[in-house]
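Structural overview
Chain by chain, the residues:
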Amino acid sequence: MITKGKVVSLAYRLTNDQGEELDRSDKADPFSYLHGSNQIIPGLESAVEKMNIGDKKQVTVSAKEGYGEHDPKLKFSLDRSNFPKDAELEVGMQFEANLSDEEDDGRVFTIEAIKGDKVDVNGNHPLSGMTLHFDVELLSVRDATKDEIQHNHAHGENGHDH
Ligand code: ZN
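**Some remarks on the overall build of the protein chain**
- Within the protein chain, the regular secondary structure consists of 2 helices and 9 strands.
- Its helices and strands in sequence order give the protein chain the pattern β-β-β-α-β-β-β-β-β-β-α, from N to C terminus.
- Overall, the C-alpha framework of the protein chain stretches about 55 × 40 × 30 Å when taken along its three principal axes.
- Relative to its full complement of 162 residues, the protein chain shows a buried share of 33%.
- A separation threshold of at least 6 residues defines the contact pool for the protein chain, and within that pool the share at least 24 residues apart is 61%.
- For the protein chain, the accessible area works out to roughly 10300 Å², and carbon and sulfur atoms hold 46% of it.
- Of the side-chain charges in the protein chain, 18 are positive and 32 negative, and the distance between the mean point of each set is 3 Å.

Okay, structure coming up:
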């Protein structure tokens, strides 16, 4: 049982319903995260929680337990004047914004189109609305360092890398 405050290292391969690979992290370059700090999607975290070092598992995660359902309200147009005057906007560019003053969720929006004075943005995660299939191998578990607990995320093998 993996508990909050452990740093977990995984190798994984992520595919969609069609079996297409979306992402992977190999044993040679594992993915590490701080357990219990919302660093990874809930469906994967709760599955990994029950694994032992060396275990391999196939985990299917619904959109709800993954990156959320696709929300049409998160796709909208903004006036160019909402962006800094000197910002060079281009399609594919990403920026962080909060939908309201109360909601400090730091949602990431992607610019999907620029039509004259209008900028079409989309705040859905690219993997929202998708069932995700993970092939996971649990490589290691260790206690988090003080820095990691303070920052609420795992640091790489070479210490602080951000
Ligand atoms: Zn840090």
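**Considerations on the packing of aromatic side chains**
- Applying the stated criterion to the full structure yields 6 aromatic pairs.
- Summarising the aromatic geometry, the rings of Phe83 and Phe95 are spaced 5.3 Å apart at their centres and angled 85° between planes, so their arrangement reads as edge-to-face. One end of the pair, Phe83, is in the loop between strand E5 (75-79) and strand E6 (94-97); the other, Phe95, is in strand E6, and 12 residues separate them in sequence.
- Grouping aromatic residues by their ring pairs yields a cluster made of Tyr12, Phe31, Tyr33 and Phe134.

**A few points about unusual backbone geometry**
- For Asn38, which is not glycine, the phi dihedral falls at a positive 60°.
- Within the secondary structure layout, Asn38 lies in the loop between strand E3 (31-34) and helix H1 (42-48).
- Classification of Asn38 by relative accessible area gives exposed; the value is 71%.
- Phi at Asn152 takes a positive value of approximately 65°, unusual for a residue other than glycine.
- Topologically, Asn152 is positioned in the segment after helix H2 (146-151).

Criteria and cut-off values
Residues numbered from 1 in each chain as written. Predicted model: local features only at pLDDT ≥ 70, side-chain atom pairs only at ≥ 80, totals over all residues. Heavy atoms only, no water. Helix = DSSP H or I, 4+ residues; strand = E, 2+ residues; numbered from the N terminus. Buried < 20%, exposed > 50% of the residue type's maximum accessible area, 1.4 Å probe, protein only. Contact = heavy atoms within 4.5 Å. Areas by Shrake-Rupley, 256 points an atom, 1.4 Å probe, with all protein chains shown as cover. Lys, Arg positive; Asp, Glu negative; His and termini not counted. Charge placed at Lys NZ, Arg CZ, Asp CG, Glu CD. Phe/Tyr/Trp six-rings, centres within 6.5 Å; stacked < 30°, edge-to-face > 60°.

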